[in-house]
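Topology and contacts: notes
Residues per chain, in single letters:
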Amino acid sequence: MHLSNPKQQQTPRGRFAWREGGNPEGPPLVMVHGWPESSYCWEHVAAYLKPGFRIIAPDLRGLGDSERTPDIDHYRKQEMAQDVVSLLDSLGIGDFQLVGHDWGGIVAQEVALATPERVRQMVIMNIAIINNLKGNQEVIEKVRSGSGAAYWYQHFMQTPGLPEAMIPGAEETWLGHFLRTWNGQPFPQDAMDEYLRTFRIPGTPGSSSNYYRTFHDDARRWATTAGHRWPMPSMYIYGNKDKVIIPEYLNHIEECFESLQVEQVEAGHFLQEEQPAAVAGYLNDFLESN
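Attention here is on the structure that accompanies the text. For every chain, the first residue of the written sequence is number 1, and numbering continues from 1 onward in sequence order. Thresholds applied to this predicted model are a pLDDT of at least 70 for local features of residues and 80 or more for the giving and counting of side-chain atom pairs; totals over whole chains, interfaces and linings are not thresholded and use all residues. Only hydrogens and water are removed before side-chain values are computed, so all heavy atoms of the structure are retained for them.

Okay, the sheet that holds strand β1 (residues 7-11) next. Strand pairing requires that DSSP identify at least two bridges connecting the strands. In this text, helices come from DSSP runs of H or I with a minimum length of four residues, and strands from runs of E with a minimum of two, each type numbered from the N-terminal end. A sheet is described by the order of its strands in space; here eight strands give the open sequence β1-β2-β4-β3-β5-β6-β7-β8, paired in mixed fashion. Since the sheet does not close on itself, it has two edges, and those belong to β1 and β8 (260-265), each with one partner. Going from strand to strand, the sheet's axes swing by 25 degrees on average, the running direction of each strand aside. By the bridge criterion, five bridges tie strand β5 (residues 96-101) to strand β6 (residues 119-125) in an arrangement that is parallel. Residue pairing in the sheet places Phe96 in a bridge with Val119 of β6. With axes taken as lines fitted to C-alpha atoms, and helix axes fitted only over the stretch in contact, angles between N-to-C directions fall between 0 and 180 degrees.

This brings us to unusual backbone geometry. With omega at 0 degrees, the peptide bond leading from Trp35 into Pro36 counts as cis. Inspection of the secondary structure assignment puts Pro36 in the loop between β3 (28-32) and α1 (43-46). Despite not being glycine, Asn126 has its phi angle at roughly 50 degrees, a positive value. Relative to the helices and strands, Asn126 is located in the loop between β6 and α4 (133-145). Only protein chains enter the accessibility calculation, which uses a 1.4 Å probe; a residue is then buried when its area is under 20% of its type maximum, exposed when over 50%, and partly exposed in between. Given the relative accessible area of 1%, Asn126 is considered buried. Despite not being glycine, His252 has its phi angle at roughly 70 degrees, a positive value. Residue position: His252 is located in the loop between β7 (234-239) and β8. Taking relative accessible area as the criterion, His252 reaches 25% and is therefore assigned partly exposed.

A large share of β3 lies buried, amounting to five of its five residues. The two faces of β3 match: Pro28, Val30 and Val32 on one face and Leu29 and Met31 on the other face are all buried. Note that β3 and strand β4 (residues 54-58) share three bridges and pair parallel. Note on β4: the bridge partner recorded for Pro28 is Arg54. Of the pairings in the sheet, the one linking β3 to β5 comprises four bridges and is parallel in character. Counted as the bridge partner of Val30 is Leu98 from β5.

Below, the discussion takes up the packing of aromatic side chains. Stacked, tilted and edge-to-face are the three classes assigned to paired rings of Phe, Tyr and Trp, where Trp is represented by its six-membered ring and a pair needs centres within 6.5 Å; plane angles under 30 degrees give stacked, over 60 edge-to-face, the rest tilted. As enumerated under the stated definition, the model contains 22 aromatic pairs in all. Relative to Trp222, the ring of Phe215 has its centre 6.2 Å away and its plane inclined at 75 degrees; by these criteria the two rings are edge-to-face. Accessibility expressed as a relative area gives 31% for Phe215, which makes it partly exposed. Seen from the ring of Trp103, Lys77 lies directly overhead, with NZ or CZ sitting 4.3 Å from the centre. Cation placement over rings: the criterion is NZ of Lys or CZ of Arg within 6 Å of the ring centroid and within 35° of the ring normal.

Taken N-terminus to C-terminus, the directions of helix α2 (residues 77-90) and helix α3 (residues 103-114) make an angle of 75 degrees; their axes are 8 Å apart at the nearest point. Taken as axis vectors, α2 and α3 run roughly perpendicular relative to one another. Here α2 contributes Lys77, Gln78, Met80, Ala81, Gln82, Val84 and Val85 to the contact with α3, which in turn contributes Trp103, Ile106, Val107, Glu110, Val111 and Ala114. Class assignment for the residues of the contact of α2 with α3 results in nine nonpolar, two polar and two charged. Note that the term roughly parallel is reserved for angles under 35 degrees, roughly antiparallel for angles over 145, roughly perpendicular for angles of 65 to 115, and oblique for everything else. Residues count as neighbours in contact if any of their non-hydrogen atoms are within 4.5 Å of one another. Under the convention adopted here, Pro, Cys and the residues Ala, Val, Leu, Ile, Met, Phe, Trp and Tyr are nonpolar, Asp, Glu, Lys and Arg are charged, and Gly plus all remaining residues are polar.

What follows is about the packing of α3 against helix α10 (residues 215-222). Between α3 and α10, whose axes approach to 13 Å, the crossing angle comes to 40 degrees. The orientation of α3 relative to α10 falls into the category oblique. In the packing of α3 onto α10, the handedness of the crossing is left-handed. Judged by residue contacts, Trp103, Ile106, Glu110 and Leu113 of α3 engage Phe215, Asp218, Arg221 and Trp222 from α10. Less than a right angle of anticlockwise turn of the near helix away from the far helix marks a crossing as left-handed, whereas a clockwise turn marks it as right-handed.

If you want it as structure tokens, here you go:
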């Protein structure tokens, strides 16, 4: 199956774009992208998914074809989860299965915290588990013991005004650095072209940087989730060549779930674009399509 071109939906929280694919009458499968991508990141995975799902892939605020809200408060991940819930409500979606990668994996966890009764199963890919305070602290200690050079871009984007001044006109160089160097496999050109298109929408350097500018507020909130255990059956898939989401992120994650399956893919950070067939294979085995 393939995903549609972006559709626009006005919700009480703003205007959001989304793509869909599969069986309109099938069980909803909500797939949430990360930075610096869009809902297009699931296009190649969708081609390998078993028939039956109704795929709903939103563009998160500030990326893809969704609105570029300037107010930084909208980019706290708890708020972004409410954006996704508002979109699903506007589309008449009740319960659903949920997949999230990178920041989309954080937003997916916030959705599952806000509406656990609606999330039937959850899949998180290449990002921290927000209630894994022990493992995440071990990541911090590991990073601090080295140079921390891999995380330079986060400091760059947190610097007021700098991304807004330096990224416009250099989008291909900016995106290319991450999409072509964080991988174990070549990055698909069609996906690169699509992310370039949406990153050139005015306001994107600032709105996409707000994902990182709200990080400290997010972290304070996540510190309150110690002891939470995800009640829904869950799976964690990771690219084992990721240079940023390092293996220490896996430490102690079993303690955070009632039921967890962990799988790895021979890929870097953008595993759904590098190895879509492998990712889809795990999703097909885990998710319910009817």
